[in-house]
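The primary structure of each chain is shown beneath.
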Amino acid sequence: MKLLENLNEAQREAVEYNKTPHMIVAGAGSGKTRVLTYKIAYVLKEKMCEPENILALTFTNKAANEMKERIIELVGKKASKIWMGTFHSIFARILRAESEKLDYRPNFSIYDREDSISLVNNIITALNLNIDLSPSAIHHKISHFKNHMISVDEYIEHIAKTSLDRKIGEIYKEYEIRIKENNSMDFDDLLLKPIELFNKYPRVLQHYRGQFKYILVDEFQDTNHAQYELIQMLYNRLVKICVVGDDAQSIYGWRGADIGNMLNFEKDFPKTKIFRLEQNYRSTKTILKAADSLIKNNKDQIQKTLWTDNPDGDKISLMRCSDEKDEAFQIARRIKKEITSRKLKLSDVAILYRINAQSRALEEALRREKLPYKIIGGVEFYRRKEIKDIVGYLRVLANQDDEESLLRIMNFPQRGIGNTSITKMIEFARRLNLTLFQTMGRIFEVIEVKERIQKNVKGFKQFLDKYISLKDELSLSELTSAMVDELGILRMYKEENSAESMQRYANIQELLRSIQEFTENNKKATIDDYLAEVSLISGIDQFSESDAVIPLMTVHSAKGLEFPVVFLTGCEEDIFPLNPKFDEDARLEEERRLFYVALTRAKEKVIITYARSRYRFGEVAYQARSRFIEELDPETVDEVEGIGKGRSRRKRKSYYDEFYQEGFDEDYNQERRSLRVGSRVVHELFGQGKILAINGQGDMQKVSVDFEEHGTKHLLVKFANLRLI
DNA sequence: AACTCGGTTTTTTTT
DNA sequence: AAACCGAGTT
Ligand SMILES: Nc1ncnc2c1ncn2[C@@H]1O[C@H](COP(=O)(O)OP(=O)(O)OP(=O)(O)O)[C@@H](O)[C@H]1O
């Protein structure tokens, strides 16, 4: 059979196995995704299953779309009927169909992180709580509870101990009430509500068990408890299940993903058969060797072998840069070199970083060097203020109970409804058990609101009513354009005429274009349809290999992708690994896995860069290079001295002059002048130690010193009286 | 009561 | 660097 010719022996076995639950455990680039793709194609070709009986869960929408396309190529159009998507999108779809059973309406809104945080914020204000945690930290906790399926009652009764915990409990409780009343769900709900649904309605579960006869999960190492529970629920003896993962690539622990899911699978699913793939088709021997030497430093991992027939290839280049600008320019120049020497397309080169904030300097340099690029993810298109404003309007038109969205647009553009009046309206709404939208319809009863403002509210309500009633008459695209026009938002940004406002102007036009496109693809598309799609769109979904641009993205976003050349930037302590707390091994190990993921994206060449100094939080920070660099097998790494080579650097003085001039005040005495990352110092009280980092300047300059006897201390240089040894 | 300006706090990674 | 908050202004 032709299909299987494109696979090696081990892969073929995994594809052909179709009996008990099975798990494919294999390292990077060994063809896990390929096996999953071919497996589905094989199942369809052998008619073991109809396409609509297959449930394939991927990590991103992009991965799902690509896999589906590939399967269509292999077995034809019928494959488009496969249920393929992320856990979130698939279960959102199921929830829309079954919403009434959970006392929701099908037009429920989906809250992203920002919406959730804003809800938390509103709750803190409404409850008049005095709490030290930021709304974002609280939301993180709530999300953690939900991910771990800790209910409000359970938390309040059994877990909350301190008074802070009790406050968090109160917020959590109110959060769940409010989000429900808003006919809205957050990302966690998209996984939890289906569990609730299946528990409450065994017949519904029965239905979906009958529906999904073959379940396949990619990137299984990054599933969380709720996702695990869901596949356990959907599984029974008649259902076939195959999961695929690499524990070394688990990088979403911070949001509830648990490698334990891979370890438990064998126990929880009867007669599990494990497959291993050991041949890597992606990378050179050198890259694999480097990646292996790094990941060996992690304690807990499933034993795996990985080898390749590919050539040795180039060593990893390690580029030292003076600061983030220098780094960016060296990268830009190096890209030009690599593209010509390797005859590559722009999209064959990826620039990866740990945090989005690093992209600024890179963008600037690429722009100046006239290299087309695209930021993937980052401040995602749909998360920008101006876009969320418009989407906020659409959400209210679709779901008037969505109070968060209503609050967002209430006074944008400014229409003279300020905070005080809004608070009064909300108080009124709660008192009479009305929604905010209903309250707007009865605004003249809210006597606390001034008459002039009541009129503004009435005007706004009429505006919304008008477009709500136009929903059935105009197409999605016509409706949005008309509304945006009447709102005068575009005009407003144009008149402001700043660089920022023009960018916003352009973004809104882009949004209108994309809505138009959406409408053209489906003439009957409703606002609900559109929102359902955009709420779950992710940054990486916007990336296409066929664009002639250099992709810039976080390492997280690069998961599952591959590029001939990969630049891994900002490899300094405190950036990558980011915030390594010395006592948190698990966190550090996850950072190491992330580094491993970054390395293994490359087919031919990896270039690692680090900068001696970098602007962070508005101040210059001096950091040692990443410990992960030191962990790489030295035979695989080639240090290139980048400083002074390039055009933009040549004009400057020597590297050292620059280093001291920018980092230290003139009047510093000799001793302080030569404090450097890595210097050994003595402190009167703490004894000997090594400088880990230097932050800030002048009197505020601080050093982090790892003392042999006393551990790490952060000291003000001015008072520390450190002596060099 | 809303708006505006300046000072303060707050920072991963994302479905 | 950007969002947020609060005091002073319209
Ligand atoms: N049998 C094979 N013959 C030729 N190429 C293969 C074979 N198997 C996999 N490949 C290629 O190897 C590369 C990696 O495959 P794939 O993305 O499926 O690996 P993966 O295990 O999912 O990787 P990762 O864990 O890094 O996401 C792809 O370019 C794929 O086309």
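No experiment lies behind these values; they were computed from the predicted model shown. (Residues numbered from 1 in each chain as written. Chains lettered and ligands numbered in written order. Predicted model: local features only at pLDDT ≥ 70, side-chain atom pairs only at ≥ 80, totals over all residues. Heavy atoms only, no water.)

**Student:** Can you walk me through the overall build of chain A in this structure?
**Tutor:** Each helix and strand in chain A was counted, giving 31 helices and 22 strands. In chain A, which comprises 725 residues, the proportion classed as buried is 55%. Within chain A, residue pairs in contact and separated by at least 24 positions form 74% of the contacts whose partners lie at least 6 positions apart. For chain A, the exposed surface amounts to about 33,400 Å²; the carbon and sulfur share of it is 48%. (Helix = DSSP H or I, 4+ residues; strand = E, 2+ residues; numbered from the N terminus. Buried < 20%, exposed > 50% of the residue type's maximum accessible area, 1.4 Å probe, protein only. Contact = heavy atoms within 4.5 Å. Areas by Shrake-Rupley, 256 points an atom, 1.4 Å probe, with all protein chains shown as cover.)

**Student:** Help me understand the protein's contact with DNA strand B, please; the structure alone is not making it clear to me.
**Tutor:** Of all residues adjacent to DNA strand B, which total 30 residues, the nearest are S134, R354, G418, S421 and L578. In this structure, a phosphate oxygen belonging to DNA strand B sits 3.5 Å away from a side-chain N or O atom of Q414. G418 has a polar backbone atom sitting 2.5 Å from a phosphate oxygen of DNA strand B. Of all elements in the fold, only α18 (419–431) and α25 (555–558) reach the threshold of two or more residues within the surface near DNA strand B. Looking at the surface near DNA strand B element by element, the count peaks at three residues for α18. (Near = heavy atom within 4 Å. Polar contact = N/O pair within 3.5 Å; in protein donor to acceptor, adjacent residues only side chain to side chain.)

**Student:** Mind showing me how you'd approach the site of the ligand here?
**Tutor:** Taken together, 18 residues lie around the ligand, and Q11, K32, T33, R282 and E562 are the ones closest in. Its free accessible area being 630 Å², the ligand has 82% of it covered by the protein chains. By residue number, the principal contributor to the shell around the ligand is helix α2 (residues 32–45), which donates three residues. Its residues placed into classes, the shell around the ligand shows three nonpolar, 10 polar and five charged. Split by domain, the shell around the ligand shows at least three residues from each of two domains, domain 1 (9–99 + 192–279) and domain 3 (316–380 + 542–640). (Nonpolar A, V, L, I, M, F, W, Y, C, P; charged D, E, K, R; others polar. Domains from an automatic or database assignment.)

**Student:** Would you explain the nonpolar core in this entry?
**Tutor:** For soluble globular proteins, nonpolar side chains are generally found buried alongside one another. One finds L406, M410, M440, F460, L464 and Y530 to be the most contacted residues of the largest nonpolar core, which totals 51 residues. The dominant element in this core, judged by the number of residues it contributes, is helix α16 (residues 385–398), at eight residues. Setting aside residues no more than four positions away along its own chain, L406 makes contact with V396, L436, F437, M440, F460 and L464. F87, M185, L192 and Y228 belong to the second largest nonpolar core, which has 44 residues in total. (Core = buried A, V, L, I, M, F, W, Y, C linked by side-chain atoms within 4.5 Å.)

**Student:** What's the story with the packing of aromatic side chains in this structure? I'm lost.
**Tutor:** The way to describe two aromatic rings as a pair is by their centre distance and the angle between their planes. Taken as a whole and judged by the stated rule, the model has 22 aromatic pairs. When the centroid spacing of 6.1 Å and the interplanar angle of 75° are considered together, the rings of Y104 and F108 count as edge-to-face. Like F108, Y104 is buried. For the ring pair Y155 and Y172, a centre distance of 6.4 Å and an interplane angle of 65° mean the geometry is edge-to-face. In this pair, Y155 sits in helix α7 (residues 152–159) while Y172 sits in helix α8 (residues 163–181), placing the two residues 17 residues apart along the sequence. (Phe/Tyr/Trp six-rings, centres within 6.5 Å; stacked < 30°, edge-to-face > 60°.)

**Student:** Can you walk me through the side chain of H22 in this structure?
**Tutor:** Its location among the elements puts H22 in strand β1 (residues 22–26). Of the polar contacts made by the side chain of H22, one reaches the side chain of K39; its length is 2.8 Å. With residues up to four places along the chain from it excluded, the contact list for H22 reads A14, Y17, K39, Y214, I241, C242, V243, F265, T272, K273 and F275.

**Student:** It is not clear to me how the confidence of the model for chain A should be interpreted in this structure. Could you clarify?
**Tutor:** When pLDDT is low, close inspection of the predicted coordinates is not appropriate. Summary statistics for chain A give a mean pLDDT of 85 and a share of 87% for residues scoring 70 or more. Here residues 643–673 is modelled with pLDDT under 50, and outside its nearest four sequence neighbours on either side it reaches 55 contacts, counting other chains as well. (pLDDT = per-residue confidence, 0-100.)

**Student:** Looking at this model, I keep getting lost on the pairing of strand β2 (residues 54–58). Mind explaining?
**Tutor:** On a regular strand, each side chain points to the face opposite its neighbour's, so the side chains alternate between the two faces of the sheet. Counting buried positions along β2 yields five of five residues, so the element is predominantly enclosed. In β2, alternate side chains face the same way, and those of I54, A56 and T58 on one face and L55 and L57 on the other are all buried. Looking at chain direction, β2 and strand β6 (residues 214–217) are connected through four bridges and run parallel. Its bridge partner being in β6, L57 is matched across the sheet by V217. In this structure, β2 lies alongside strand β3 (residues 83–86), joined through four bridges in parallel fashion. Bridge pairing in β3 places L55 opposite W83. Of the crossover connections in this fold, the one passing from β2 over helix α3 (residues 61–75) to the parallel β3 is right-handed. (Pairing = 2+ DSSP bridges. Right-handed = clockwise from strand over helix to strand, strands pointing away.)

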